[in-house]
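Spelled out from the first residue to the last, the chains are:
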Amino acid sequence: MKAKNIAKTRQPNQFLLTFYIGTISNISIFLLTSNYLSGVASAIGFIFLSIIIYILSFFLSGIIIKKTQKISIKSPAVLTRKKYLQIFSLFFFISFLIAFLWFLAYNPGGFSPDSVNQYTQAISGNYNDWHPVLHTLLFFTVPISIFHNIAAIVIYQIIFFSLAVAYTATTIYEVAGKKWSIISFVFITLNPWALNQLMFPWKDIAFGIAALLVSTITLKIYVTKGTWAKKISHLIFLAVAIIFAAIFRHNGILFAVPAIIGLFFFMDRKNWLIFFGISASLFFVIKVPLYSTLNVTQPGHRVCETVGVPMTILANVAKENPSSLDEEAKNFLYSVAPAEEYKKNYKVGNFNSIKFTSNISAIDEAGAFNVLKYTANAFVNSPRASLTAFLKITSTTYAVDGSALPYWGTPGIANNPYDFKPQNNEIIKSGAKIYFTIFNNSILKYTGFIGFSILVIIIAALSKNRWKNGGWKKMLLISPILFYDFGTMLLLTGPEARFFYANLISFPVITILALKTFPKINKKVSKK
């Protein structure tokens, strides 16, 4: 491509990247200075500073795109079946060994109240869909039924994680080469943030594994121009992965639907329809006859789970500027928690700071419509307190500067009636803590920010995308993780990064998908 054409390709994407980088930078500055902003002079000063940041972001975006466009990912020779299995096995055993050592440090794993609840469901057979029942069945009931030991739950999860990582690393080896494969593998398996969360048998981990598989399969379909998806066994594998992603988290549909739509443009129509039919049938079988047979009950408090951001805003206004609330909103908020609770315990951008000691039934009784109405009025009557809370909680997703470091958590065991207790290997645990401390006090800590992975994906996608040559279709393939991230962002009740575990482990393969522009097709790949 001639330099002139490259420049034309770069320009619209440079404006898009400028908007994103400039916006998240201005949000970070606003959050750092919001306590000092008051009056017209401060507002004018902030606007002037914002304009300067956007100008600087424009020049920075140009440099970033120009440098990223020079990254070339070429496909190496196709692996023989024997070589493929050797590489896959090596990646699997190394991944399992690393994760198992981390498990020994925190044996039998991390069991939060949610995990204890799912364990209770598994041993009693009384299933509640507050935590997706499919996840409870596969990741609790199955290992407990076979091994009768809670440690088996986490080890079982580690096995699936290692299989998925090995599949991803081997696929990257095939389509991008040894260097990219090793970089991706090391990034996933040696990240203490990822290892810490892997010790928890949470739906977030299972969703992350499923999302990783879908992203890897998407890369395979892209580089083979759909030939990989011509085998019925491959279509079944893809359907299972995508439906598990849709069900393992209730909001996993935000990932699954864009993935299904994106694949439509890179698969043969007949094969896509078969895949869609298998997916729809699988979804129906799980949600209707299976759940009906198990007498699955539906949970309450669903309103609270969908209005986390509005409640975070209202709580901040109740703390910072309660006089701006009308009587109806005050009565509602004080039925959730007393006024002193907001004053003493509420932390800006974190409704979780009072959620677990509040009367969340009052939120369900009020209904989502009324909560949204109170929030709209709060924005009008107390804009700064409302905006600060909104940006604080949502920046958990997109911030990259440390102003909203997400909480990943450390493996531990909650109070439980089963006498589950830590059986840690103190020597290995000490080593793990030292490693984590070194990691978290270096530049590598940014890899634990959700905003880091989002920014890298956006840079890679915009740098290589050519809209006029069908680039919008390629963007659809990359979009599922972004739809999930920014959709889930609006459901947060606090800075809990576990919702975004999928980013931590799948963004390397998504980035490679974004960077790979001219796939060289070799039909032998489809035999794998």
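Heads up: the structure comes first, above all this text.
Note that the coordinates shown come from a computational prediction; the quantities given were computed from them, not determined experimentally.

Engineer: Could you give an account of the overall build of the protein chain, with specific residues and numbers?
Structural biologist: In terms of helices and strands, the protein chain carries 24 helices and zero strands. Taking 528 residues into account, the globule formula puts the C-alpha radius of gyration at 24 Å, and the protein chain, at 24 Å, falls close to it. Along the first, second and third principal axes, the C-alpha set of the protein chain runs to 70 × 65 × 50 Å. For the protein chain, contacts bridging at least 24 residues in sequence account for 82% of all contacts bridging at least 6. Of the side-chain charges in the protein chain, 48 are positive and 19 negative, and the distance between the mean point of each set is 25 Å.

Engineer: Tell me about the nonpolar core, and please be specific about residues and values.
Structural biologist: The biggest cluster of nonpolar side chains holds 163 residues, and the ones touching the most others in it are Phe275, Met311, Phe332 and Ile363. Among the elements that line this core, the one with the most residues is helix α6 (residues 151–176), at 15 residues. Ile363 has contacts with Val303, Cys304, Val307, Met311, Phe332, Val336, Phe351 and Val371, leaving out every residue within four places of it along the chain.

Engineer: Account for the pattern of salt bridges, naming residues and giving values.
Structural biologist: Counted according to the given criterion, the structure contains nine salt bridges. Note that Lys287 is salt-bridged to Asp129, the shortest N-O span being 3.8 Å. Taken together, the residues span a long stretch of sequence, with Lys287 in helix α12 (residues 269–293) and Asp129 in the loop between α4 (113–124) and α5 (133–147) at a distance of 158 residues. A relative accessible area of 29% places Lys287 in the partly exposed class. The partner of Glu174 in a salt bridge is Lys220, with the nearest N and O atoms 3.4 Å apart. One end of the pair, Glu174, is in helix α6; the other, Lys220, is in helix α9 (residues 203–223), and 46 residues separate them in sequence. Each member of the pair, Glu174 together with Lys220, is buried. Put simply, Asp114, Asp204, Arg249, Glu496 and Arg498 are held in one network by salt bridges that share partners.

Engineer: Now, about the environment of His135: what can you tell me, with residues and values included?
Structural biologist: Mapping His135 onto the fold places it in helix α5. Put simply, His135 and Arg249 are 114 residues apart on the chain and 8.5 Å apart in space, counted from C-alpha to C-alpha. Among all residues touching His135, those that are not within four sequence positions of it are Gln118, Phe140, Pro201, Trp202, Lys203, Ala206 and Phe248.

Engineer: So, the environment of Ile242: which residues are in play, and what are the values?
Structural biologist: If you trace the backbone, Ile242 turns up in helix α10 (residues 232–248). For Ile242, a relative accessible area of 0% puts it in the buried group. For the pair Ile242 and Ile260, spaced 18 residues apart in sequence, the C-alpha to C-alpha distance is 8.1 Å. In contact with Ile242, other than residues within four places in its own chain, are Val214, Ala256, Ala259, Ile260, Leu263, Phe275 and Ser279.

Engineer: Summarise the packing of helix α11 (residues 253–264) against helix α23 (residues 471–489); cite the residues concerned and give the values.
Structural biologist: Running from amino to carboxyl end, α11 crosses α23 at an angle of 160 degrees, the nearest separation of the two axes being 8 Å. The angle between the axes of α11 and α23 places the two elements in the roughly antiparallel class. Like other packed secondary-structure pairs, α11 and α23 cross with a definite hand, here right-handed. Two secondary-structure elements touch here, α11 through Leu254, Phe255, Pro258, Ala259, Gly262 and Leu263 and α23 through Leu476, Leu477, Ser479, Pro480, Ile481, Phe483, Tyr484, Gly487 and Thr488. Counted by class, the contact of α11 with α23 contains eleven nonpolar, four polar and no charged residues.

Engineer: Please give an account of the packing of α9 against α10 that cites residues and values.
Structural biologist: Two quantities define a packed helix pair, namely the angle between the axes and the distance from one axis to the other. Contact pair α9 / α10: the axes reach a minimum separation of 8 Å and the direction vectors enclose 145 degrees. The element α9 and its partner α10 pack so that their crossing is left-handed. Of the residues in α10, those touching α9 at Lys203, Ala206, Phe207, Ala210, Ala211, Leu213, Val214, Ile217 and Ile221 are Phe237, Leu238, Ala241, Ile242, Phe244, Ala245 and Phe248. Partitioned by chemical class, the residues of the contact of α9 with α10 number 15 nonpolar, no polar and one charged.

What counts as what
- Residues numbered from 1 in each chain as written.
- Predicted model: local features only at pLDDT ≥ 70, side-chain atom pairs only at ≥ 80, totals over all residues.
- Heavy atoms only, no water.
- Helix = DSSP H or I, 4+ residues; strand = E, 2+ residues; numbered from the N terminus.
- Rg over C-alpha atoms; globule rule 2.2 N^0.38 Å.
- Contact = heavy atoms within 4.5 Å.
- Lys, Arg positive; Asp, Glu negative; His and termini not counted.
- Charge placed at Lys NZ, Arg CZ, Asp CG, Glu CD.
- Core = buried A, V, L, I, M, F, W, Y, C linked by side-chain atoms within 4.5 Å.
- Buried < 20%, exposed > 50% of the residue type's maximum accessible area, 1.4 Å probe, protein only.
- Salt bridge = Lys/Arg side-chain N within 4 Å of Asp/Glu carboxyl O.
- Axes fitted to C-alpha atoms, helices over the stretch in contact; angles between N-to-C directions.
- Parallel < 35°, antiparallel > 145°, perpendicular 65-115°, else oblique.
- Left-handed = near helix turned anticlockwise from the far one by under 90°.
- Nonpolar A, V, L, I, M, F, W, Y, C, P; charged D, E, K, R; others polar.

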